[in-house]
Every structure is written in C-alpha cells, then in structure tokens.
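Here is what each chain is made of, one letter per residue.
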Amino acid sequence: MWSLKMSDFKSEIPTSCYRGGRSPFLFSAVLLSTLLVGVRVASSGFANGWGITSVNTESGRHGLVAIDTNQFLGIALNFDGSIVTFGGIPYGGIELPAPNANFIGIAAGFTHGLGLRADGSIVAWGIAPGGIFDDFYFGQTTLPNPNSGFTSIDAGPWHNLALKADGSIVAWGRSAEGQTNVPSPNTDFISVAGGELHSLGLKADGSIVAWGDNFYGVLDVPEPNTGFVAVSAGWYHNLGLKTDGSIVGWGRNVEAQTDIPYPNYDFIAVSAGRFHSLGLKADGSIVVWGADHWGETEIPVPNTGYIAISAGSFQSLGLQCWPGLYGDITPVGNLDGVVDLDDLLLLLSGFADLEAFPESDFAPCGGDGITDLTDLLEILEAFAGTPSSCPDPC
C-alpha cells in the first residue's frame, strides 16, 4: 500500500487534544489510517451542528468518534461502536436495524444511511422499494453480495461506494450517469467519495480517479493529479487535500465553493457540501467558504478543538474534542472552561432527569440510554478529575 512520510505532512493539534502522551505525529498516523480503514478517529468528543439541521442533544452527542451528514440526515459513531442518527428527513434513514453494535464506519446518503461493521460487512437502512417515496429508491439499501471484506464506505445522495481490503471498489445504487461503473483497472484504491451523480477514488499513488456525470466539470481533476491524501465529493464540486496541507477544488463555483480562502495551507481534512465547503486546520479550527443559505457557514464559537468535519446540503457538522476539563462537561449553558459547583449541581440534576440533562448518561463512553449508579459514579469521578471507565476524551 502507498505510504506517506510523517515529515511530509503537518498536523499539529492543540496540546489540550493530545494529553497523556499523544503526539502530533500520532495524529498524522491516525489521519492516514482513516483513509485506509474507515472514518473512525482516535479521539472522542461531541458534535456541533450549524445550518438547517442541528445536532439533537438528546441523541447521545458525547463520546463520539466520527460524524457524517448529507442532505438532512446526520450520523454519528459512538466510542462503543453504536450509531446515533439525528436530523429531520422525511424519507427515512433515522431508524437503524438491530443490533446497533460493532460499527467502525458510517456514511449518510440523501434517503439512507450506511454502517460498516468490524467484521467487514455493511449495514444499510432508510428508504426501501415499494414505499411512499419509491421514486427515490435506486437500490441503495440493497447490499452487494458477498457482503464482506470491506474497509471503508461513502454514500452519495443516491448511490454508495465501498472499498475492499484488496484495494478494489464496489459501487451500487443509482447508475444512470455511470457513477457506479468503476473504471478499469479497479485496483490500488485507498479511499472513496460519492457526489450527487459522480464518484471519486483516491489511488495509492496519490492520484484521483473520477467517473459518472461530468456536470460542471466535476470529473476534470486539476493537474498535476498527484500528491493527494484525501478527497471529498460534494453535489457538484470536489475537494482534494494535498500532502503539503493545501486544498484543491474543482467543479461548480457559482457560490465560490472551490475558492479556497487564504492562507491555503496547514489543512488536515476536507469536506464538500452542496454549495459550501469545509476545511479542518491543524490547529483544530474550521475554515468554511461558499454559500450561506441557512447558516451553514456560521461556525459556533469557540472555533477550536475540532477533530473531524462533515458538510451537508445546508448544514455542517464538526466533531469537537473535549476541552480537557473532565468536570466541565455540561454544554447546557455551562461549558465555561471552569470546573466548579455549578457543574456538579447540573450533573447531579442530570442524573435525576435524563430527558432534561442527557449529559448524565455517559457511561460507558457515550451513554447506554439508562441512568444508573454507573453513571452517578462517572459523574462524581468526572467532577473530581479522576475518570476510570471512559477513555481520554481528547
């Protein structure tokens, strides 16, 4: 497989996010391994959402390790391997099949969701044939056979892409524009990205392969087509991350979604939405550009400590690491950077009222839907700064 020297890629993050001996180079390794084996990240945190779809704080927003969003659906992966869905789409995609466990990757489509299990199989849910929205069904929830050996997944609005351990790509769903017809040779891929009517594959040699509909020139990868370490496909535009931390954008640019803001360096992740774009900086801040129809470019303050990003149609999601203060864990009006009696009172109130304070259910590592003595112990340990069961959040 293609490898990249750590010295070729800048990825420093704040010390508050790699406490306990984590190094910036480890973060680089994690980022590169993400390209190869799915979308999980090493750190856990909580999701912030802005734009037309906000994060539902009652759906287990703590202890998250990955996020994804497309049209209106949002999907988050918990540290314990379970999946949380949120958003308000009318076409399905919220309810996933049981058992909700052992997931290592996620992907959100327009009307459906995908989950990658640790055993290499894929689970799909959402729109199905014969339903009231049958016009939106293109086979995207009908899984390929054999359903095994997969290492990463991505979803366009109407089709899916899955990477095999041997470097080949399997694609299914809508294919009227050729977006599921993977070009030959179907080998040596390390990452996939699904747009609306097109697809992208990142090769082990750092080049990008594009196929499907060439609307707005989305298939015309800019030269030199080398040195890419990550790709993201929006509805009508694409973003590619280079080894030097710069971003290349191409395709539709009516809303300036491919005009990378200056300075174009020190990026460690990219995400292309419908009419806007996101870039994650090495210092944990997010840069956003393009259209702002529903507030999708209005990043909440503070814009710090982010470890993952995802751009949807009219919304954005960011996975934010905990600020390093175990007792200050109540975003309901009190994430103020100070551990004090206000935090303890809120946590104890949360233990008594799960509906009002979902933060009380964070044991083990993301919540199990029940408030019990295990949670109370975690609460008291968190306030004391000596947690024992959950991992280092940042």
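Cut-offs applied
- Throughout, residues of each chain are indexed from 1 in the direction in which the sequence is written.
- Two thresholds apply to this predicted model, a pLDDT of at least 70 for residue-level local features and 80 or more for giving and counting side-chain atom pairs, whereas whole-chain, interface and lining totals are computed over all residues.
- In computing side-chain properties, one takes all heavy atoms of the structure into account and sets aside hydrogens as well as water.
- Each residue gets a pLDDT score, which is the predictor's confidence in that residue and runs from 0 to 100.
- By definition, residues are in contact when any of their heavy atoms lie within 4.5 Å.
- In this description, strands pair whenever DSSP reports at least two bridges between them.
- To qualify as a helix, a DSSP run of H or I must reach at least 4 residues; to qualify as a strand, a run of E must reach at least 2; elements of each kind are numbered from the N terminus.
- All axes here are fitted lines through C-alpha atoms, helices being fitted over the stretch that makes contact, and every angle between N-to-C directions spans 0 to 180 degrees.
- Partly exposed describes any residue whose relative accessible area lies between the buried limit of under 20% and the exposed limit of over 50%, with all areas from a 1.4 Å probe on protein chains only and scaled to the type maximum.
- Lys and Arg are tallied as positive, Asp and Glu as negative. Neither His nor the chain termini are counted.
- Here a salt bridge means any side-chain nitrogen of Lys or Arg lying within 4 Å of a carboxyl oxygen belonging to Asp or Glu.
- Stacked, tilted and edge-to-face are the three classes applied to pairs of Phe, Tyr and Trp rings, where Trp contributes its six-membered ring and a pair requires centres within 6.5 Å; stacked means planes under 30 degrees apart, edge-to-face means over 60, and tilted covers the rest.
- Nitrogen and oxygen atoms within 3.5 Å of one another constitute a polar contact, given that in protein one can donate a hydrogen and the other can accept it, and given that sequence-neighbouring residues count only through two side-chain atoms.
- Each nonpolar core is a collection of buried residues, namely Ala, Val, Leu, Ile, Met, Phe, Trp, Tyr and Cys, held together in the definition by side-chain atoms within 4.5 Å.

Residues with a pLDDT of 70 or more make up 64% of the protein chain, whose mean pLDDT is 77. Segment residues 1-42 is flagged for pLDDT under 50; beyond a separation of four residues in sequence, or across chains, it makes 97 contacts in the model. pLDDT under 50 marks residues 387-394. Its contacts with residues more than four places away, or in other chains, come to 32 contacts.

Moving on, we come to the sheet that holds strand S17 (residues 267-272). Strand pairing in a sheet is mediated by backbone hydrogen bonds. Such pairs are either parallel or antiparallel. Across the sheet, three strands lie side by side as S17-S18-S19; this open sheet has antiparallel pairing. Each having just a single partner strand, S17 and strand S19 (286-290) make up the two edges of the open sheet. Taken over all neighbouring pairs, the strand axes of this sheet differ in orientation by 20 degrees on average, direction set aside. In terms of strand pairing, S17 meets strand S18 (residues 276-281) through five bridges, oriented antiparallel. Within S18, the residue paired with Val270 across the bridge is Gly279.

Among the secondary structure elements, Lys203 is positioned in strand S12 (residues 198-203). Although Lys203 lies buried, it forms no salt bridge, and the closest oppositely charged side chain, Asp188, sits 5.3 Å away as judged by the N-O distance. For Lys203, the contacting residues outside a window of four places in its chain are Pro185, Thr187, Asp188, Phe189, Ile190 and Val209.

This brings us to the pairing of strand S15 (residues 237-242). For S15, the buried fraction is high: six of the six residues fall into the buried class. The two faces of S15 match: His237, Leu239 and Leu241 on one face and Asn238, Gly240 and Lys242 on the other face are all buried. Two elements, strand S14 (residues 228-233) and S15, share five bridges in a ladder whose sense is antiparallel. Paired with Ser232 across the strands is Leu239, a residue of S15.

Bringing the packing of aromatic side chains into the picture now. For any pair of aromatic rings, geometry is given as the distance between the ring centres together with the angle between the planes. Using the criterion set out here, one finds twelve aromatic pairs in the structure. Ring centres of Phe136 and Trp158 lie 5.8 Å apart, and the angle between their planes is 20 degrees; this geometry places the pair in the stacked category. On the criterion of sequence distance, the pair formed by Phe136 in the loop between strand S7 (122-126) and strand S8 (150-155) and Trp158 in the loop between S8 and strand S9 (159-164) is long-range, its members being 22 residues apart. A relative accessible area of 25% means that Phe136 is categorised as partly exposed.

The next thing to look at is the pattern of salt bridges. Per the counting criterion, the structure on display carries two salt bridges. Notably, a salt bridge pairs Glu177 with Arg174, separated by 2.6 Å at the nearest N-O pair. According to the relative accessible area criterion, Arg174 is partly exposed, its value standing at 21%. Taking the shortest distance from any N to any O, the salt bridge between Glu255 and Arg252 comes out at 2.6 Å. Like Glu255, the residue Arg252 is buried in the burial classification.

In this section: the pairing of S8. Burial runs high along S8: six of the six residues are buried. In terms of strand pairing, S8 meets S9 through five bridges, oriented antiparallel. Within the sheet, the bridge partner assigned to Ile153 lies in S9 and is Ala162. Joining the antiparallel neighbours S8 and S9 is a turn of three residues.

The residue His112 is located in strand S6 (residues 112-117) in this model. His112 sits in the buried class, given a relative accessible area of 0%. C-alpha separation for the pair His112 and Leu73, spaced 39 residues apart in sequence, amounts to 8.1 Å. A polar side-chain atom of His112 sits 2.6 Å from a polar atom in the side chain of Asn160.

On to the sheet that holds strand S13 (residues 208-212), then. Taken in spatial order, the three strands of this open sheet run S11-S12-S13, and their pairing is antiparallel. Whereas interior strands pair on both sides, the edge strands pair on one side only; in this sheet they are strand S11 (189-194) and S13. Each neighbouring strand pair of the sheet contributes to a mean axis angle of 20 degrees, computed without reference to strand direction. The pairing of S12 with S13 spans five bridges and is antiparallel.

For the rest of this paragraph, the subject is the environment of Leu73. Mapping Leu73 onto the fold places it in the loop between strand S2 (64-69) and strand S3 (74-78). According to the relative accessible area criterion, Leu73 is buried, its value standing at 0%. The spacing of Leu73 and Phe86 is 13 residues in sequence and 6.3 Å in space, taken between C-alpha atoms.

Cis rather than trans, the peptide bond between Ala98 and Pro99 has omega equal to 0 degrees. Positionally, Pro99 belongs in the loop between strand S4 (83-86) and strand S5 (103-108). Note the cis peptide between Tyr262 and Pro263, where omega equals 0 degrees. You can see Pro263 is positioned in the loop between strand S16 (247-251) and S17. Backbone geometry places Asn102, a non-glycine residue, at a positive phi of 65 degrees.

On to the nonpolar core, then. In this structure, Leu200, Leu202, Ile208, Val221, Phe228 and Val231 are the most contacted members of the largest nonpolar core, which totals 13 residues. Elements with a contribution of two residues or more to this core: S11, S12, S13, S14 and S16. The dominant element in this core, judged by the number of residues it contributes, is S14, at three residues. With residues near it in sequence (within four places) discarded, Leu202 still touches Asp188, Phe189, Ile190, Ser191, Ser207, Ile208, Phe228, Val229, Ala230 and Val231. Counting residues in hydrophobic clusters, the runner-up holds twelve residues, among them Trp50, Ile268, Leu280 and Tyr306.

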